[in-house]
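These are the residues of each chain, in order.
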Amino acid sequence: MTDQAYNFAYLDEQTKRMIRRALLKALAVPGYQVPFASREMPMPYGWGTGGVQVTAACLTPDDRLKVIDQGADDTTNAVSIRRFFQRTAGVETTEHTAEATVIQTRHRIPEQPLSEGQILVYQVPIPEPLRFLEPRETETRKMHELEEYGLMHVKLYEDIARHGEIATAYAYPVKVEGRYVMDPSPIPKFDNPKLAGNPAIQLFGAGREARIYALPPYSDVVSLDFEDHPFTASKADHACDLCGSATSYLDEVITDDRGTRMFVCSDTDFCASRQAQGHRGRLSPQGDNKP
Amino acid sequence: MTLMQNAITAAPLLSVEGLTKRYGPRIGCADVGFELYPGEVLGIVGESGSGKSTLLSCLAGHQRPDQGRILFDGADVLAFSEAERRRLLRGDWAYVHQNPRDGLRMGVSAGGNVGERLMAVGARNYAAIRESATDWLGRVEIAADRIDDRPSAFSGGMQQRLQIARNLVTGPRLVFMDEPTGGLDVSVQARLLDLLRGLVRDLGLSVVIVTHDLAVVRLLADRLMVMKSGRVVECGLTDQVLDDPQHAYTQLLVSSVLQV
């Protein structure tokens, strides 16, 4: 039931209009951070206030919403945001990636490939990829304006000098359409290749920092690297202990105080659908094992 | 080609006309003009408040002068767009700050500091960047095994040498130096000067060096400009100005140097 005290999807129509204008500008200039008048939302900063505002501006009553947090549909952040929109917009929700029209995500891109017509909304804590290298906002804007991105490579250089390889494992910087360097939000670098050429619309909302940026479908997105230290999409070298998938991104779960651990898919929907199809992993109940 | 012909055919690398900068009613520097030829070192001396630092920051593009023209290689630098100006600052020009902390990234390793300008002009091969960083650390007498240390772990003299390496790595043609030996003790100063003199001669750099230390210009500079109250009071060959000062202020300056 929609709570009648609120407008559809919580935000008033003028605010949604303002956000949609920012979204259109962001889509027109891929990777460019568009400032917008971020509103106070009934949840703390850091819980996805930017993503929630973008989702609210995109939702229509016919949409089917999926919310994930680190790939999972059933963690606190995902549950509370999903319930927020159930209550304020009354839209249908789902846990199945393929059935959703709008997916709000924190720190993952679903394993199942997205399709045209879907919208993926990212929650972004710090939209500025140069922030930890150059603290001045005036200077970073100038650097974007003049395409001075040498500093980004200094960070990668430092990684190799200190760790022997590019140790940045999440929020790995990308260059969009050969122009803007963009922070893809703290997704693992395993997900970076999925940013490129994706048929879905990808929208990024940073609530506290009041910035929106976007990747239109089929954008050209390149992860930054060195010629002799090319980008690699890394993951834990295991198969999922529940569904046996060797290709999905894994979470490491420590199961006792003697160092025993298990690896499970971080994408719960992907893992559950594989198990429903009969796939089994190392720790699945024994019986009808199918690799 | 003889030296004489060279001097006739070479065009000035930097030519400055009528450069004036005011701070409200006060004068920063007024009506300064000079020409700097390729491979030449120009010293600018004067007491505190004489306008030498204002002049240098106007020349290097950190401040915009109120009047005057600056021609680099025949192009009017003041008419450059922001993008062109910044490209110049990280390519053909270099700026050595008095305090190495202003010119270095203190949170980035020595190798990263030296490599930054290379990466800014498009170097994308880690091994090559590392190799030229090692090479440049060697040239400024920093041991190769310090390449992954941060500048905060370096002594003042090492930091200054690192800053010089970081600036020279892209092979600039014109270097601005603001009191490069300021704040260093005399033995470290002597080593740094020796190093600078070697680098300037080997690389054929053109340098504008600002200092209040006459010994520094005696060692490094071919020509000398003496400034007082924002104006140039005397200029000429370094030895000529220091050994036979004509202007009263220059005479005072030269006689003020302590003899040990």
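Please read these numbers as outputs of a predicted model, since none were measured by experiment.

Participant: How would you summarise the overall build of chain A if you had to cite specific residues and measurements?
Facilitator: Across its full length, chain A holds seven helices and 12 strands. A compact globule built from 291 residues would reach a C-alpha radius of gyration of about 19 Å, and chain A, at 20 Å, matches this within 12%. Taken along the three principal axes of its C-alpha coordinates, chain A extends 60 × 55 × 35 Å. When the accessible area of chain A is evaluated, it comes to approximately 13200 Å², of which 51% is carbon and sulfur surface. Placing the 32 positive and 41 negative side-chain charges of chain A at their respective mean positions leaves the two points 3 Å apart.

Participant: Run through the overall build of chain B, naming residues and quoting values.
Facilitator: Secondary structure summary: chain B contains 11 helices and 10 strands in total. Scaling as 2.2 N^0.38, a compact globule of 260 residues should have a C-alpha radius of gyration of about 18 Å, and chain B matches this with 19 Å. Seen through its principal axes, chain B has C-alpha atoms that stretch 55 × 50 × 50 Å. Per-residue burial for chain B yields a buried fraction of 48% across its 260 residues. When the accessible surface of chain B is totalled, it reaches about 11900 Å², and 51% of it is carbon and sulfur. Between the mean site of the 28 positive side-chain charges and the mean site of the 30 negative ones, chain B shows a separation of 6 Å.

Participant: Any details on the sheet that holds strand S10 (residues 231-237) of chain B? Residues and values, ideally.
Facilitator: All names here are of chain B. With mixed pairing, six strands are arranged side by side in an open sheet as S6-S7-S8-S3-S9-S10. A strand with exactly one partner marks an edge of an open sheet, and here the two such strands are strand S6 (93-96) and S10. For this sheet the average axis-to-axis angle between neighbouring strands, irrespective of direction, equals 15 degrees. Relative to strand S8 (residues 206-210), strand S7 (residues 174-178) runs parallel, the two sharing five bridges. When the bridges of S8 are listed, Phe 176 appears paired with Val 208.

Participant: Help me get a handle on the packing of helix H1 (residues 13-28) of chain A against helix H2 (residues 49-58) of chain A, residues and values and all.
Facilitator: Residue and element names in this part refer to chain A. Where H1 meets H2, the closest approach of the two axes is 9 Å, and the angle between their N-to-C directions is 100 degrees. In terms of their interaxial angle, H1 and H2 are classed as roughly perpendicular. When H1 is examined against H2, the residues Lys 16, Ile 19, Arg 20 and Leu 23 are found in contact with a partner set consisting of Gln 53, Val 54, Ala 56, Ala 57 and Cys 58. Of the residues that constitute the contact of H1 with H2, the class distribution is six nonpolar, one polar and two charged.

Participant: Residue-level account of the interface of chain A and chain B, with values.
Facilitator: Across the contact, 21 residues belong to chain A and 22 residues belong to chain B. Of the roughly 1800 Å² buried between chain A and chain B on both sides combined, carbon and sulfur atoms contribute 55%. For the pair chain A and chain B, the interface holds three salt bridges. Residue Arg 86 of chain B is joined to Glu 139 of chain A by a salt bridge in which the shortest nitrogen-to-oxygen separation is 2.8 Å. For the side of chain A that touches chain B, the secondary structure elements donating two or more residues are helix H4 (137-145) and helix H5 (150-163) of chain A. Per-element tally for the side of chain A that touches chain B: the top contributor is H5 of chain A, with nine residues. Looking at the side of chain A that touches chain B, its residues break down into nine nonpolar, three polar and nine charged.

Basis of the calculations
- Residues numbered from 1 in each chain as written.
- Chains lettered and ligands numbered in written order.
- Predicted model: local features only at pLDDT ≥ 70, side-chain atom pairs only at ≥ 80, totals over all residues.
- Heavy atoms only, no water.
- Helix = DSSP H or I, 4+ residues; strand = E, 2+ residues; numbered from the N terminus.
- Rg over C-alpha atoms; globule rule 2.2 N^0.38 Å.
- Areas by Shrake-Rupley, 256 points an atom, 1.4 Å probe, with all protein chains shown as cover.
- Lys, Arg positive; Asp, Glu negative; His and termini not counted.
- Charge placed at Lys NZ, Arg CZ, Asp CG, Glu CD.
- Buried < 20%, exposed > 50% of the residue type's maximum accessible area, 1.4 Å probe, protein only.
- Pairing = 2+ DSSP bridges.
- Axes fitted to C-alpha atoms, helices over the stretch in contact; angles between N-to-C directions.
- Parallel < 35°, antiparallel > 145°, perpendicular 65-115°, else oblique.
- Contact = heavy atoms within 4.5 Å.
- Nonpolar A, V, L, I, M, F, W, Y, C, P; charged D, E, K, R; others polar.
- Buried area = accessible area lost by both parts, 1.4 Å probe.
- Salt bridge = Lys/Arg side-chain N within 4 Å of Asp/Glu carboxyl O.

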